[in-house]
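# Inside the fold
Given next are the chains, with one letter for each unit.
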Amino acid sequence: MTRHSRTSVAILPVMMSPAMAARSELLRSAFGEASPSLGWFVVNPHSCSYRWWHMFLIMLVLYSAWASPFELSMEKAASIALVVTDLVIDVFFAIDIAISFFVAYHDASTGLLVTDRRKITTRYLKRPCFALDVASTIPLQIIYQLVTGKRQGLWGLLNLLRLWRLRRVSKLFARVEKDIRFSYLWTRLIKLLCVTLFALHFAACIYLWMAFNYKIKELTWIGSQIHSFKDRSVWFCYTCAVYWSITTLATVGYGDLHATNIGEMLFSIAFMLFNMGLTSYIIGNITNLVVHEASNTFKMRDMVQRVSEFGSMNRLPEAMREQMLASVQLRFRTEEQLQQEVLSELPKAVRSGVMKHLFKSAVESCYLFQGVSDSLIVQLVAEMKAEFFPQKANVILENETSTDCYIIISGEVEALTTLADGTEKHVMRIGPQGMAGEIGVLFSIPQPFTIRSRRLTQVVRISHTHLLQTVRPNTADGYIVFSNFIQYLESLKVQTKEAAFISGHLWNGNSTVLGRATEFAVDESKEAAHKMLQCKGPKRVVIHEQLPNETGTALHPSPGKLVLLPDSMQELMKLSEKKFGKAARGILTVEGAEVEDIEVIRDGDHLFFSL
């Protein structure tokens, strides 16, 4: 399809295939493209120009909603200027009817954007809104007066057909309520205010119309109090009608203006019944909004009360109670920033993309993951969880089981150790892009330090299981990770006094750390790093007796035998001789490459022996 320049009218090509229609729906471009081969033009309902056209029409709808009942209430209110204005507005809505034959729509069954001109036209003509659009646009009351030369009388009620246009305002509010760029509270309040004002205006105009069209003017609600009201100004009569309307709606009813004939009594009854429903609707909505806004506060106060009672009942230390209360309050203050329950509802790919955007740069800047591949970073951040800790909150406790490590996003934490006399000694501070808890996780030992926040701190948590499951299959990245870790441990020996204390605590206070750290510090060979990566158990491989063909695949591959990979090539050769009864000259991979180093063999590989 040839791409053409955009025009001032939003257009889409008429597409015949469902696949192309679906693609158009997903793109939802602001402006479409013309298709000269088909010769048809379809308006994109999502385009900016069409939305601005709708906003312009809504301004005209608001005027019509005020002017139509007002002109009905008093014939002298329908001045030449108002009549001309009404006719001009009718022209704009007539143009909108013509545009509606070209506006694409969404199929309710498939969700696709239908751009077939015949379907669009047929759908619009069959819907009741077409007849009402036309009836509300044609100035029937003016035509009747011009043709017959008589006063409008009951024909003036046809003017109220223009109120059908108010459905556009209802659709606008429905759309804005779903738009998170606008406050839901203020949107609902404005909607309730508009409904109330229109109800007051409409009731006042109808009540005034009944008075002007009653035969005996003195037996009307306004004529019994104000004689010769027909000679008074339009705005004076309208003000009196609005005064009656608002006192009735507010159920005040001072009694100075009241119904005096049967028609007015019936209308007053209907209006008061309507007021009961409107008042209930307004009170219910406002109550809903207030409760919704205060619900989080209620939840927080309830949780704080329960935590406080729990601490008192169990006689917890004051410092521990303060930590618990601070954590609860911080949870509610940062709930909108975390929103873990929201992320958990998203598809995995979308969730991974969000986490990558939020934390990828912080993970890349962390010393442990500097130099690793982008794919490893993406795998790590996909399952990370963000957390906030208030000031002086324990993130990790000394000697607890190592289940998680943390990357500091903002704020600061300190590492502490407990001396023989039970006092805590400051070890070091860890700021943004630093790590905490990784020593216990990587060595699979209890945490050597207590990690405590110094101020409000945001961290991302990496579980022990997820870290090892991500690093192990990526052998090259695993070497980099453990090499970074080795360099970090070595740097602790030559830094400041605080770091020297860490070195002494690690190498002298914990034999497990001593043995493993010494192994890495003295011998940084691949074999040492590889053993650490595979600390959970040896690799399993499948060995085959026959050779692959020239293309790298076996002609008739045997099921093979699943064995544990030995520590050296010599032991692997002996294993093949034991299993197949012949000495092997070499080992090939399934791709036909010759294996020369035991380290390049991965868990689950298929190996072929040349006998």
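Look up a bit, the structure's there.
Rules of the game
- All chains use their own residue numbering, which begins from 1 and follows the written sequence.
- Since the coordinates come from a predicted model, pLDDT governs what is reported: local features require at least 70, and pairs of side-chain atoms require 80 or more to be given and counted, while whole-chain, interface and lining totals use all residues.
- Working from all heavy atoms in the structure, the side-chain values ignore hydrogens and water.
- Going along the chain from the N terminus, every DSSP run of H or I of four or more residues is numbered as a helix, and every run of E of two or more is numbered as a strand.
- Residue exposure (1.4 Å probe, protein chains only): buried if accessible area is under 20% of the type maximum, exposed if over 50%, otherwise partly exposed.
- Here the rule is simple: two strands pair whenever DSSP picks up at least two bridges between them.
- An axis is simply a line fitted to the C-alpha atoms; with a helix, the fit covers only the stretch in contact. Between two such axes, the angle follows the N-to-C directions and lies from 0 to 180 degrees.
- What counts as a ring pair is set by centres within 6.5 Å for rings of Phe, Tyr and Trp (its six-membered ring), and what kind of pair is set by the plane angle: stacked under 30 degrees, edge-to-face over 60, tilted for all other angles.
- In our convention, an over-ring charge means Lys NZ or Arg CZ found within 6 Å of a ring centre and within 35 degrees of that ring's normal.
- Put simply, a nonpolar core is a bunch of buried Ala, Val, Leu, Ile, Met, Phe, Trp, Tyr and Cys residues held in one set by side-chain atoms that sit within 4.5 Å of each other.
- Contact definition: two residues touch when any of their heavy atoms are within 4.5 Å.
- The pocket and cavity definitions rest on a 1 Å grid over protein atoms only: a 1.4 Å probe that fits but cannot leave marks a cavity, an open set with protein on both sides within 12 Å along at least five of seven lines marks a pocket, and residues lining either have an atom within 4 Å of a point.
- Grid points are joined across faces, edges and corners, and a volume is the space filled by probe spheres set on the points.
- Under the convention adopted here, Pro, Cys and the residues Ala, Val, Leu, Ile, Met, Phe, Trp and Tyr are nonpolar, Asp, Glu, Lys and Arg are charged, and Gly plus all remaining residues are polar.
- Put simply, a salt bridge is a Lys or Arg side-chain nitrogen that is within 4 Å of an Asp or Glu carboxyl oxygen.
- Arc, as used here, means the arc of the directions from the helix axis to the C-beta atoms.

Okay, the overall build of the protein next. Counting its secondary structure elements, the protein contains 22 helices and 14 strands. Counting only residues that meet the buried cut, the protein has 43% of its 611 residues in that class.

Moving on to the sheet that holds strand S9 (residues 450-453). Two modes of strand pairing occur in sheets, parallel and antiparallel, and in both the strands are linked by backbone hydrogen bonds. Spatial strand order, S4-S9-S6-S7: 4 strands in an open sheet with antiparallel pairing. The two strands at the open ends of the sheet, each matched to only one other strand, are strand S4 (394-396) and strand S7 (424-430). When strand polarity is set aside, the average angle formed by the axes of neighbouring strands in this sheet is 35 degrees. In this structure, strand S6 (residues 413-418) lies alongside S7, joined through 6 bridges in antiparallel fashion.

Going through the model one piece at a time under the given rule, you end up with 24 aromatic pairs. Members of the aromatic cluster, joined through ring pairs, are Tyr-207, Trp-221, Trp-244, Phe-267, Phe-271 and Phe-274. Lying across the ring of Tyr-105, Arg-123 places its NZ or CZ 4.1 Å from the centre. Its guanidinium or amino end placed over the ring of Phe-236, Arg-232 lies 4.0 Å from that ring's centre, counting from NZ or CZ.

Moving on, we come to unusual backbone geometry. Within the chain, Ser-228 stands out as a residue other than glycine whose phi angle is a positive 55 degrees. Along the polypeptide, Ser-228 turns up in the loop between helix H8 (184-212) and helix H9 (234-249). Even without being glycine, Asn-399 reaches a positive phi, approximately 75 degrees. Along the polypeptide, Asn-399 turns up in the loop between S4 and strand S5 (404-410).

In this structure, Leu-368, Phe-369, Met-384, Ile-407 and Leu-467 are the most contacted members of the largest nonpolar core, which totals 46 residues. Looking at this core element by element, the count peaks at 5 residues for helix H18 (residues 475-494). In contact with Met-384, other than residues within four places in its own chain, are Met-355, Val-363, Ile-407, Val-460, Arg-461 and Ile-462. Counting residues in each nonpolar core, the second largest holds 30 residues, with Cys-205, Ala-211, Ile-226 and Phe-267 among its members.

Moving on: the environment of Pro-473. Its place among the elements puts Pro-473 in the loop between helix H17 (464-471) and H18. With a relative accessible area of 60%, Pro-473 lands in the exposed category. C-alpha separation for the pair Pro-473 and Arg-602, spaced 129 residues apart in sequence, amounts to 8.2 Å.

A word on empty space enclosed by the protein. Taken as a whole and assessed by the stated rule, the structure comprises 4 cavities of 30 Å³ or more. As a volume, the largest cavity reaches approximately 110 Å³. Gly-437, Glu-438, Ile-439, Phe-449 and Ile-451 are the residues nearest the centre of the largest cavity, which is lined by 15 residues in total. For the lining of the largest cavity, the element with the most residues is helix H16 (residues 438-443), which contributes 3 residues. What lines the second largest cavity is simply Phe-93, Ile-97, Asp-133, Ser-136, Thr-137, Trp-164, Arg-165, Arg-167 and Arg-168. Elements with a minimum of two residues in the lining of the second largest cavity: helix H3 (80-100), helix H5 (128-137) and helix H7 (167-177). Across the lining of the second largest cavity, the residue classes tally to 3 nonpolar, 2 polar and 4 charged.

Side-chain pairing between opposite charges can occur once the charged atoms of the two side chains come close. Within this structure, the stated rule accounts for 16 salt bridges. For Asp-90, the salt bridge is made with Arg-162, and the minimal N-O distance between the two is 3.3 Å. One end of the pair, Asp-90, is in helix H3; the other, Arg-162, is in the loop between helix H6 (140-148) and H7, and 72 residues separate them in sequence. Each member of the pair, Asp-90 as well as Arg-162, is classed as buried. The residue Arg-167 makes a salt bridge to Asp-133 at a minimum N-O spacing of 3.3 Å. Of the two residues, Arg-167 is situated in helix H7 and Asp-133 in helix H5; the sequence distance between them amounts to 34 residues. One salt-bridge network, in which partners are shared between bridges, spans Asp-86, Asp-90, Arg-162 and Arg-165.

Consecutive residues of a regular strand have side chains that alternate between opposite faces of the sheet. Most of strand S3 (residues 385-389) sits inside the fold, with 4 of its 5 residues counted as buried. Where S3 and strand S10 (residues 457-463) come together, 5 bridges link them in antiparallel fashion. What sits directly across from Glu-387, in S10, is Val-459.

Moving on to the sheet that holds S3. Taken together, 4 strands build an open sheet; the order of strands is S3-S10-S5-S8 and the sheet is antiparallel. Looking at strand neighbours, the two that pair on one side only are S3 and strand S8 (435-436), the edges of this open sheet. The pairing of S5 with S10 spans 6 bridges and is classified as antiparallel. Residue pairing across strands places Ile-407 opposite Val-460, the latter belonging to S10. Along the sheet face, helix H14 (residues 348-365) touches S3, S5 and S10 and points at about 105 degrees away from the line of S5.

A probe as big as a water molecule, rolled over the atoms, marks out the empty space that is left. In this structure, the largest pocket spans a volume of roughly 960 Å³. Lining the largest pocket are 23 residues, with Pro-45, Tyr-50, His-54, Val-103 and Lys-171 sitting closest to its centre. Listed by contribution, the elements that provide at least two residues to the lining of the largest pocket are helix H2 (48-73), H3, strand S1 (105-106), helix H4 (117-126), H5 and H7. The dominant element in the lining of the largest pocket, judged by the number of residues it contributes, is H7, at 5 residues. Residues of the lining of the largest pocket, tallied by class, amount to 10 nonpolar, 4 polar and 9 charged. The calculated volume of the second largest pocket comes to roughly 620 Å³. Lining the second largest pocket are 24 residues, and of these Leu-166, Val-169, Cys-194, Val-195 and Phe-198 sit closest to its centre.

Count 3.6 residues to each turn of an α-helix, and residues three or four apart come out pointing the same way. Regarding H6, the residues found buried are Gln-141, Ile-142 and Tyr-144. Mapping the buried residues of H6 onto a view down its axis gives an arc of 160 degrees, with all of them on the same face. With respect to the buried face of H6, the exposed residues turned more than 90 degrees away are Leu-146 and Val-147. Buried residues along H6 sit in contact with H3.

In short, geometric facts, not functional conclusions.
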